[in-house]
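The lines below spell out each chain.
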Amino acid sequence: MALSAADLPAMYTLLANSMSTDESIRKPAEAALSESESRPGFCSCLMEVITAGDLASQVDVRLMASVYFKNSINRYWRNRRDSSGISSEEKVHLRQKLLSHLREENYQIAQMLAVLISKIARFDYPREWPELFSILAQQLQSADVLTSHRIFMILFRTLKELSTKRLTADQRNFAEISSHLFDYSWHLWQSDVQTILHGFSTIAQGYSSNAVEQHHDELYLTCERWLLCSKIIRQLIISGFQSDAKCIQEVRPVKEVSPVLLNAIQSFLPYYSSFQNGYPKFWDFIKRACTKLMKVLIAIQGRHPFSFGDKCVLPLVMNFCLNKIADPEPDILSYEQFLIQCMVMVKRVLECKEYKPSVTGRVMDENGVSLEQMKKNISNVVGGVLTTLLPNERIVLLCNVLIRRYFVLTAGDLEEWYQNPEAFHHEQDMVQWTEKLRPCAEALYIVLFENHSQLLAPVVVSILQEAMNGCPTSVTEITPGLILKDAAYGAAAYVYYELSNYLTFKDWFNGALSLELSNGHPNMRIIHRKVALILGQWVSEIKNDTKRAVYCALISLLQDKDLSVRLAACRSLCLHIEDANFSEQDFSDLLPICWDSCFKLVEEVQEFDSKVQVLNLISVLIGHVNEVIPYANNLMQFFQMVWEESSGESLLQIQLLIALRNFVVALGYQSPSCYSMLLPILQSGIDINSPDELNLLEDSMLLWDATLSHAPAMVPQLLAFFPCLVEILERSFDHLQVAINILESYIILGGREFLSMHAGSVATLLDLIVGNVNDRGLISTLPVIDILIQCFSVEVPQLISSTLQKLVVICLSGGDDRDPSKTAVKASSAAILARILVMNTNFLAQLTSDPSLSSQLQQAGVPIEENILLCLVDIWLDKVDNVSSTQKKTFGLALSIILTLRLPQVLDKLDQILSVCTSAILGVTDDLTEEESSSDNMSSSRSDGEGTLPSKEFRKRQIKFSDPINQMSLENSLRDNLQTCAGLHGESFNSAIGSMHPAAFAQLKQALKMP
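Here goes a summary of the coordinates provided.

Calculation rules
Residues numbered from 1 in each chain as written. Predicted model: local features only at pLDDT ≥ 70, side-chain atom pairs only at ≥ 80, totals over all residues. Heavy atoms only, no water. Helix = DSSP H or I, 4+ residues; strand = E, 2+ residues; numbered from the N terminus. Buried < 20%, exposed > 50% of the residue type's maximum accessible area, 1.4 Å probe, protein only. Contact = heavy atoms within 4.5 Å. Areas by Shrake-Rupley, 256 points an atom, 1.4 Å probe, with all protein chains shown as cover. Polar contact = N/O pair within 3.5 Å; in protein donor to acceptor, adjacent residues only side chain to side chain. Core = buried A, V, L, I, M, F, W, Y, C linked by side-chain atoms within 4.5 Å. Phe/Tyr/Trp six-rings, centres within 6.5 Å; stacked < 30°, edge-to-face > 60°. Lys NZ or Arg CZ within 6 Å of the ring centre and 35° of its normal. 1 Å grid on protein atoms, 1.4 Å probe; cavity = no way out; pocket = protein on both sides within 12 Å on 5 of 7 lines; lining within 4 Å. Points joined across faces, edges and corners; volume = space filled by probe spheres on them. Nonpolar A, V, L, I, M, F, W, Y, C, P; charged D, E, K, R; others polar. Expected span 1.5 Å × (residues − 1). Salt bridge = Lys/Arg side-chain N within 4 Å of Asp/Glu carboxyl O. Patch = residues over 30% accessible without salt bridge, like charges linked within 9 Å, V, L, I, M, F, W, Y side chains within 5 Å. Axes fitted to C-alpha atoms, helices over the stretch in contact; angles between N-to-C directions. Parallel < 35°, antiparallel > 145°, perpendicular 65-115°, else oblique. Left-handed = near helix turned anticlockwise from the far one by under 90°. Disulfide = S-S within 2.5 Å.

## Some remarks on the overall build of the protein
Link 1 in the chain: When its secondary structure is counted, the protein shows 53 helices and zero strands.
Link 2 in the chain: Taking the principal axes of the C-alpha coordinates as reference, the protein spans close to 120 × 85 × 80 Å.
Link 3 in the chain: Within the protein, the proportion of its 1011 residues that are buried is 53%.
Link 4 in the chain: Long-range pairs, those at least 24 residues apart, make up 78% of the contacts in the protein between residues at least 6 apart in sequence.
Link 5 in the chain: Surface accessibility of the protein: about 44,500 Å² in total, with carbon and sulfur atoms responsible for 50%.

## Some words on the environment of Trp 283
Link 1 in the chain: With respect to the element layout, Trp 283 can be found in helix 14 (residues 280-303).
Link 2 in the chain: According to the relative accessible area criterion, Trp 283 is buried, its value standing at 17%.
Link 3 in the chain: Not counting the four nearest positions on each side in its chain, Trp 283 is found in contact with Tyr 272, Phe 275 and Gln 276.
Link 4 in the chain: Only 2.9 Å separates the side chain of Trp 283 from the backbone oxygen of Tyr 272, close enough to count as a polar contact.

## Re the nonpolar core
Within soluble globular proteins, side chains that are nonpolar tend to cluster in buried spots.
Link 1 in the chain: Membership of the largest hydrophobic core comes to 359 residues, with the highest contact counts inside it found for Phe 200, Phe 268, Trp 508, Phe 639 and Trp 876.
Link 2 in the chain: Among the elements that line this core, the one with the most residues is helix 38 (residues 736-769), at 17 residues.
Link 3 in the chain: Not counting residues up to four positions away in its chain, the partners in contact with Phe 639 are Leu 615, Ile 618, Ile 622, Leu 656, Ala 659, Leu 660, Phe 663 and Met 677.

## Some words on the side chain of Lys 952
Link 1 in the chain: Tracing the sequence through the fold places Lys 952 in helix 49 (residues 951-961).
Link 2 in the chain: Of the residues examined, Lys 952 reaches a relative accessible area of 8% and is grouped as buried.

## Section: the packing of aromatic side chains
Link 1 in the chain: If you walk through the whole model with that rule in mind, you get 41 aromatic pairs.
Link 2 in the chain: With 4.7 Å between their ring centres and 10° between their planes, Trp 417 and Phe 424 make a pair best called stacked. Assigned by exposure class, Trp 417 and Phe 424 land together as buried.
Link 3 in the chain: These aromatic residues form a ring-pair network of at least three members: Phe 182, Trp 186, Trp 189, Phe 200, Tyr 220, Trp 226, Phe 268, Tyr 271, Phe 275, Tyr 279, Phe 282 and Phe 285.
Link 4 in the chain: Stacked on the ring of Trp 283, the Lys or Arg Lys 287 has its end atom at 4.0 Å from the ring centre.

## As for empty space enclosed by the protein
Link 1 in the chain: Applying the stated criterion to the full structure yields four cavities of 30 Å³ or more.
Link 2 in the chain: Its boundaries defined by the atoms lining it, the second largest cavity holds a volume of some 70 Å³.
Link 3 in the chain: For the second largest cavity, the full set of lining residues is Tyr 125, Pro 126, Leu 162, Lys 165, Asp 170, Asn 173, Phe 174 and Ile 177.
Link 4 in the chain: In terms of residue count, helix 9 (residues 168-204) provides more of the lining of the second largest cavity than any other element does, four residues in total.
Link 5 in the chain: Its residues assigned to classes, the lining of the second largest cavity comprises five nonpolar, one polar and two charged.

## Brief notes about helix 29 (residues 563-578)
Link 1 in the chain: If you check helix 29, its first and last C-alpha atoms are 23 Å apart, about what 16 residues at 1.5 Å a residue would give, namely 22 Å.
Link 2 in the chain: Counted residue by residue, helix 29 has 13 buried out of 16 residues, so it is predominantly covered.

## Considerations on the pattern of salt bridges
Link 1 in the chain: Tallying each qualifying case throughout the model produces 41 salt bridges.
Link 2 in the chain: In this structure, Glu 354 and Lys 353 form a salt bridge, with 3.3 Å as the shortest nitrogen-oxygen distance.
Link 3 in the chain: Since its relative accessible area comes to 64%, Lys 353 is described here as exposed.
Link 4 in the chain: Overlapping salt bridges bring together Arg 103, Glu 105 and Asp 144 as one network.

## Considering a nonpolar patch on the surface
Link 1 in the chain: On the surface, Tyr 669, Leu 949 and Phe 954 cluster together into a nonpolar patch covering about 270 Å² of accessible area.
Link 2 in the chain: Turning to its location among the elements, Tyr 669 is positioned in the loop between helix 34 (650-667) and helix 35 (675-685).
Link 3 in the chain: Its relative accessible area of 39% is what places Tyr 669 among the partly exposed residues.

## A word on the packing of helix 31 (residues 591-604) against helix 32 (residues 608-624)
Link 1 in the chain: Viewed as axis vectors pointing N to C, helix 31 and helix 32 meet at an angle of 155°, and their least axial separation amounts to 9 Å. Accordingly, the angle class assigned to the pair helix 31 and helix 32 is roughly antiparallel. Between helix 31 and helix 32 lies a crossing whose hand is left-handed. Counting all contacts with helix 31, which are made through Leu 591, Cys 594, Trp 595, Cys 598, Phe 599, Leu 601 and Val 602, the residues of helix 32 involved are Lys 611, Val 614, Leu 617, Ile 618, Leu 621 and Ile 622.
Link 2 in the chain: Partitioning the contact of helix 31 with helix 32 into residue classes produces 12 nonpolar, no polar and one charged.

## With respect to the packing of helix 12 (residues 252-268) against helix 14
Link 1 in the chain: One way to put it is that helix 12 packs onto helix 14 with a least axis distance of 10 Å and a crossing angle of 155°. In terms of their interaxial angle, helix 12 and helix 14 are classed as roughly antiparallel. Crossing of helix 12 over helix 14 shows left-handed handedness. Every residue of helix 14 that contacts helix 12 at Val 254, Ser 258, Leu 261, Ala 264, Ile 265 and Phe 268 is listed here: Phe 285, Ile 286, Ala 289, Cys 290, Leu 293, Met 294, Val 296, Leu 297 and Ile 300.
Link 2 in the chain: In the contact of helix 12 with helix 14, the residues fall into 14 nonpolar, one polar and no charged.

## Section: helix 23 (residues 453-470)
Link 1 in the chain: The terminal C-alpha atoms of helix 23 lie 25 Å apart, and with 18 residues this matches the ideal 26 Å at 1.5 Å per residue to within 8%.
Link 2 in the chain: Buried residues belonging to helix 23 abut helix 19 (392-406), helix 22 (437-451), helix 24 (480-494), helix 25 (496-499) and helix 26 (505-518).

## Structural notes on the state of the cysteines
Link 1 in the chain: All told, the structure shown has zero disulfides when counted by the stated rule.
Link 2 in the chain: Of all cysteine sulfurs, the one in Cys 352 lies closest to Cys 247, which takes part in no disulfide; the gap is 15 Å.
Link 3 in the chain: The structure places no disulfide on Cys 871, whose sulfur is separated from the nearest cysteine sulfur, that of Cys 811, by 11 Å.

Now the structure itself:
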């Protein structure tokens, strides 16, 4: 039943009760609102609550109503089959009501109304709501500051929503909106900026009165409207025009807008210092405005690089940014966010691929210059502008400034480090480079160096030498020289790949870096941390004669008193151990200290990221060194402790599961020694009802696979886990490949005990997979079915008859002529059915004569004009060239059995049958040369040849060697069955043999060793 105005009081009460802290009141209210959502009139009632004048003070209730309204739009605005949705009449009413309530005084409610309009516009504009923008534009003409601010809030939200629609028609609509709105928005922006600057000038002169204070409020609202207008201008330029990097068409607003935005920044910046103390509200606005305008310029450059590269835009912006970076006013130095944006702009320009010379060729046509040539011409012009902007002296100056001013640690940094070294390490090491000034300067420096390495490498080496000469390794005081050396070490660490041509690591290490570590004064933690960084970054440049000394240095740093130094050493050790040239021989005697240091470090650190970092080092160690078993007990205790302490920390638990997988692989046949610790963790990870199932399942299944692959024998606990695999695949096939590997391991390792305990689950699992996964999934699954039948040829076919029927349907369905994956699926399915005919002949006869199979084939649209078994014969004959040598022999054995059937059609196929059998007998059938099935992939990162084969791999090879197909003689089978066929068909057989091609008959005689 529809809701009406009479339901408003009840609706208000439900909304108020839904925010109650008393659960007995809140729960019934939420349930009642949930039941009402789909009723006609629900959104209209909510709209009345939101806009009711007498409820203006009830902000919380109105906000809650707007939240329910937003959710209803998402669920019911677009008509769906499973719900009646919101009627067209109610939609019209709601759209009109929303546009009639533009002057909302409460900011939060106004924001929500803007969101509501934008959500509806995404569905309805332009088809159902073509007048949206014209009404908003019309309202702007006579609006006061508050109303216009709210309209711009709506415009911004709506444009942002519409800009995310990617269909060509939607992009055309957005371009049309841009053409209508841009000029008005841009003129208002320019008018507002003049109003704001005039107001700031008045404030700066220090007038104070009640009238002035009131004027401040209005001015601040104008400032906020102007900020929204800036965002709209950005949206119109970015999304309203195709990128000029693709279409090579100049985007006019870029050249018009960009210099004016830059001019506004230059006009606002002088007020940064004067407003800092007396006018915090306007000071905050200036910070937001200058940062936002720089971000808009960065976005425009990224979207329209060629238009931005014009001589009236790029030089102005780059000069401004470079000057602010190199020579900022004293007050601006504290304005880090602005300096960060200046650095981001310079970095983006320096690495912009559109500004670099093209190395590709071009194709000319009769119409003249190609698109690529046009791009190349513009790139050359912009490249010339950049060369003029950045002469060698300016590049060298910028490099010096970045290292000497922005790389150096400040007093605040050192205090933060002293108070919390762990947090300091992560802020320096893991923070997003656009968020902090020093990481941003480092990112800019790296790009600058990459572009001008030959020029800057001697400069950086010179700064490094100056810093080392000015601060000997014996210094203990925190002096400017020590701080500069820290900065210079950092600069040398980040560009090792180019600097190695100018600086020999061995000499540097022996002459300075190793000596730094001999100075144990607490203040030397500054240099020790950078040495740890250098040792990690320069890993590829460290030769064999220095590796041992470097490993010892890193182990020493891993035992430093300062946590920041130890964590830096931890990361660098990971880089060395993972390095392709890692020398285990030089590292082996350091292992006990390394393990012990890791265990101690993980107990001392508090931060989540620190624990993950240390656990990663332990995991890498386990995966790359051979001597793990002597430390197995300590590692087990460590893993147990970390698991117990990491409850709810899924990222840490994921890292632990990876480490455990490496641990199991390292233990190999001795892995059962860790089951008391491992299996409870594994059981928790594969439980789909666990709260962390979404995060842990993938890594838990990989650990499960590794555990089974390296188990020397099946144990009851592992046997009991198998039903979890069915539950996992019943939920989704996201982890199908590893699930298939696990199933294969259970078959190979568990044998008859496994099958007797979980026969029903195996049948369910295979029936679930076959017919419900794509060809790639089937290609992984079919070899496992083949092994299952090979091991249990009597019991299994009857058990999985439903799955086998599906394989028959796959074989007899068409559509694989031009699809290699479908051909592979059909060929593998046919090989499985051929194996059953050979190893359990009566069952296949029973399967192919089952009425339910005929029914399935009819449902699949497969026409069957003859005996299903004979249809399979055609598939075996057709796919013989798409299978392995063992499968080809299986086809031959199956076809030789077909010769014993009392069916006249057999003689029609006799020539082809004998051709396949002859080719299988005379061909090379070396099973060891077959490709391993996709489930052979090892879950370890260890290289081949390290020790013995995993248990599963060894058993799998044994099964292949003992395959009954390999033991059977196709030659004898064919000879005997030909005699049977001759006896069954008499003269018809002789006639069929006589009609064979002489060459084919000669091959047959050769294969059967007939005289």
